[in-house]
Each structure stands twice: as C-alpha cells, then as structure tokens.
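Each chain, letter by letter, is given below.
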Amino acid sequence: MNLIRVRLGVLGLALLTGFTTPTAASAAPVAPSPTVEEQRLGRAAPQEILRRSGFDTVAPRLARALEAARTYGEARRAVTREGSRLWQRAVDRAQGRGPAGGDLSRDDDRPLYWARLGMTREVRTWEPEFGLTDGQRAALLDELERTSRGQNTIRSSHGKGLKRILLTGFDPFTLDRDIRISNPSGATALALDGTVIATADGPARVETAVFPVRWQDFTEGTVERTLRPHLPNVDLFTTVSQGRVGRFDIERTNGAWRGGFGDNENVGRTGTVPVADPASQPQWTTTTLPYAAIVAAPTGRFPVYDNTSVTEIPAGGTQPVVRPEGPTPGSAARAGGGGDYLSNEIAYRATLLRDRLGLRDTLPGGHVHTPVLQFGAGNTTEVTDPEFVRNRLDIIAQVRAILRAASAGS
C-alpha cells in the first residue's frame, strides 16, 4: 500500500476567564456525532448489502432495546445481548444455519460489518433521559465491539485428542476507494468459527475473532486483551488479513513500525508500534508457523509463498533498504513481510505476545496473507457477482487447507 499521511488537526485549549463570575452548572454530556466509519452507512451499497442479507433489522432492534432501557444496567445488558446475537447470527449465516435473510451469498462478511456500524451509531448518538456519562457510553461501545466480533466467546476445547486453533480476521477496509469491498479474512473467521478440521494428527477445533481496521484500537491493546488469555491454551494460532493479488503469503518476519496509511476512520499513524514495556521491545518478531510444510502442501488454486522480504534501516544507516532475505543484525524496522499497516501490526503484536508469554519454542503462530478479493471483470457497480463469490469461497477453503497443513506440520 502506498504511504498516506493524514494530518491531524490540533485542538486549541480554551482559556478560562471571568474569575469573579459564578460558576455555571455543568451541562450534561452531549452525545457525539457518528464517526467517519459510521457515516458511510448512508451510502447505497451498504444499505443494499444490509437489505439483501436481512441484517437491516439489526440496528433498529438495538435502538428499540435502548429506548426501553431505564437504567445504565439495562442498557448494558441490551448491548451485550444484541452484540452477541449479531456475531452468532453472522456465524450461523456463513455456516448455513438458519435463514439466509436474502439473496446475498452466505459467505459474505459485509453484513456483519455494516450491521455492527449501525449498532455503534445507535449507541454513540443515544441520549437517554436518565443521562449517560462519557465513560458509560465508551463502556457500552467497547462491550458492543467485543461481543459483536467474537472476541469474548473464544472457547478452549476440552475434547480428548482435540487440537485447538485460534484464527483472527479483519473488517473490510479502503472503503473510500470502493465502498463494496469485502475482506476474505473476516469471511474466513465467520466460516470457520467453532468448526472442526480433520488433520493428519487428528481433529482440530477452530475458534475465531475479527478485529477493526483502526490504529487507535490497536494502541489501546485490543489484540493483547483478546489473545492473552487464550494463547497458552491453543496448539496453533494465525492472524489472517488480505494481502496481495493472486497469492497467499506466509509472512516470515514482522516489524515494529507503523507506516501511516489511513485506517477506516481516515486516520494515519507513523512510528514505532506502541506496546507495553517498550524498553524490551524488539524491532522484529518471527513466525513459528511451519512455513515450509504449508508452502509444500497442495492447499488450493492460489500459490502460497514463504515471504522473507522486509524493509529496514541498517545499523548505522539512515535510509530504508529492502532486504529480500530478512533483517540484518541491529537494524530498525520500516516494514515487515506483511508491510507497515495493521496486518503487520497484528502479526507483530500476536507473535510478541507469544514470546513474552514464554511460548516461542512451543507454540506455532504467525501471519497468513490471503489474495485480494476481486470482483468479476467489468463489475464496477454491483455489490456482488459470481466470480466475486467464487473467489471468496476459494480463499476460505484454502485457508482451511493451510490450517490443516500447519497443524500436521507443527
């Protein structure tokens, strides 16, 4: 991705005057406006996606539940219930359970994304009669994000001989380029959550979650908060995101650098990936996935590569240099194999967490980049087409096969 720098406006500080004037009573917090991400909801493509999947009823149902709430506790319970219901409904739809709700392909991840934004917009702009502090609203939004992304329903499997695999996906992104975009990593998470894969070493149960494409959420530790309780209890993990056209990549090395590309809020961040205990933070982390076994396995129609390239500033240097064979000693990261965006960052954070938990030598884990999900030739306006669906289904099937190969090879 090309580097996009987004300048953030700096808020001026208001000077307080009139020391002899009596202090006025504090005004009640005002509900904030919808975010940049939520404002895209009003466009034609998101509305069509919601309508053709039956997910256009999700946000209105939450709005009714909030309207009926008479206390913050009731509102919190409503948000938890409806957020969890949305995740389960999206998983069920992707896995063929229950009504399709419309003619949109069941494997589509976009109904979940747009329905969640409708829900967060309802919470963000809700003004109950009993009053809502900024902290309470933030807590409701956080609960909605976690429950509707499957982040709080990751389970440890206890079946005898049953391996455990943890997989993460992402929301659609670059929506200002094309509002119709789907993310095959998110679709894969929905398709595989709670399923069992037959491997050469026996069955393996897959648990999944989806993450936002927002720098701030990563800064606030959403990855570590979600994964930390589960990494010690799984046999393999992989973060997954959309990468290059026509190929899968197993990313060998992850870098501690943010390149500044705009996120789903049109905000960019440039600098070292912010983590806890930065004094002990490495510039690079590496995959422990069995990349050789994955690349050698017949997993599907897209080629799979062991990607070793990075971009670094060499020790004693000042300019970035591409290193096809990986970083050199003492270098500073400027891009991992997966780039310098949130794909690289989730891989960096997950593998750093693995290492800090003392699991480096025992837990296979890393990052898989899927092919870019493309529409059929000539389709520049329709929200779906047969080739688009076929491509997404093939990517999902190939990720499943990659997990099978990784589980057998680890």
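Scroll up to find the structure this text is about.
Residues numbered from 1 in each chain as written. Predicted model: local features only at pLDDT ≥ 70, side-chain atom pairs only at ≥ 80, totals over all residues. Heavy atoms only, no water.

Engineer: Describe in detail the overall build of the protein chain, supporting the description with residues and values.
Structural biologist: Across its full length, the protein chain carries 12 helices and 14 strands. Taken over C-alpha atoms, the radius of gyration comes to 22 Å for the protein chain, in line with the 22 Å a tight globule of 410 residues would show. By its C-alpha atoms, the protein chain is 70 × 60 × 50 Å across when sized along the principal axes. When burial is assessed residue by residue, the protein chain has 53% of its 410 residues classed as buried. Put simply, of all contacts in the protein chain between residues at least 6 apart along the chain, 78% involve residues at least 24 apart. Looking at the protein chain as shown, the accessible area adds up to about 18100 Å², and 54% of this sits on carbon and sulfur atoms. Looking at the protein chain, you have 50 positive and 45 negative side-chain charges, and the mean spots of the two groups are 2 Å apart. (Helix = DSSP H or I, 4+ residues; strand = E, 2+ residues; numbered from the N terminus. Rg over C-alpha atoms; globule rule 2.2 N^0.38 Å. Buried < 20%, exposed > 50% of the residue type's maximum accessible area, 1.4 Å probe, protein only. Contact = heavy atoms within 4.5 Å. Areas by Shrake-Rupley, 256 points an atom, 1.4 Å probe, with all protein chains shown as cover. Lys, Arg positive; Asp, Glu negative; His and termini not counted. Charge placed at Lys NZ, Arg CZ, Asp CG, Glu CD.)

Engineer: Residues and numbers for the nonpolar core, please.
Structural biologist: Counting residues in hydrophobic clusters, the biggest one holds 59 residues, and the most contacted among them are Trp114, Val123, Leu167, Phe248 and Leu403. The contact partners of Leu167, leaving out residues within four places of it in the chain, are Thr188, Ala189, Leu192, Val206, Glu207, Thr208, Ala209, Thr238, Val240, Val399 and Leu403. In this structure, Leu166, Val213, Phe218 and Leu342 belong to the second largest nonpolar core, which totals 22 residues. (Core = buried A, V, L, I, M, F, W, Y, C linked by side-chain atoms within 4.5 Å.)

Engineer: So what about unusual backbone geometry? Which residues, and what values?
Structural biologist: Most of the time, phi is negative for any residue but glycine, and the peptide bond is trans. If you check the backbone angles, Thr174 has positive phi at about 50° while not being a glycine. As for its position among the elements, Thr174 is in the loop between strand E1 (163-170) and helix H7 (184-192). Positive phi, normally seen in glycine, also occurs at Asp277, with a value near 55°.

Engineer: Outline the pairing of strand E2 (residues 196-199), supporting the account with residue identities and numerical values.
Structural biologist: Going residue by residue along E2, you find Ile197 and Thr199 tucked away on one face and Val196 and Ala198 left uncovered on the opposite face. Looking at chain direction, E2 and strand E3 (residues 202-211) are connected through four bridges and run antiparallel. Bridge pairing in E3 places Ala198 opposite Pro203. Connecting E2 to the next strand, E3, in antiparallel fashion are two residues. (Pairing = 2+ DSSP bridges.)

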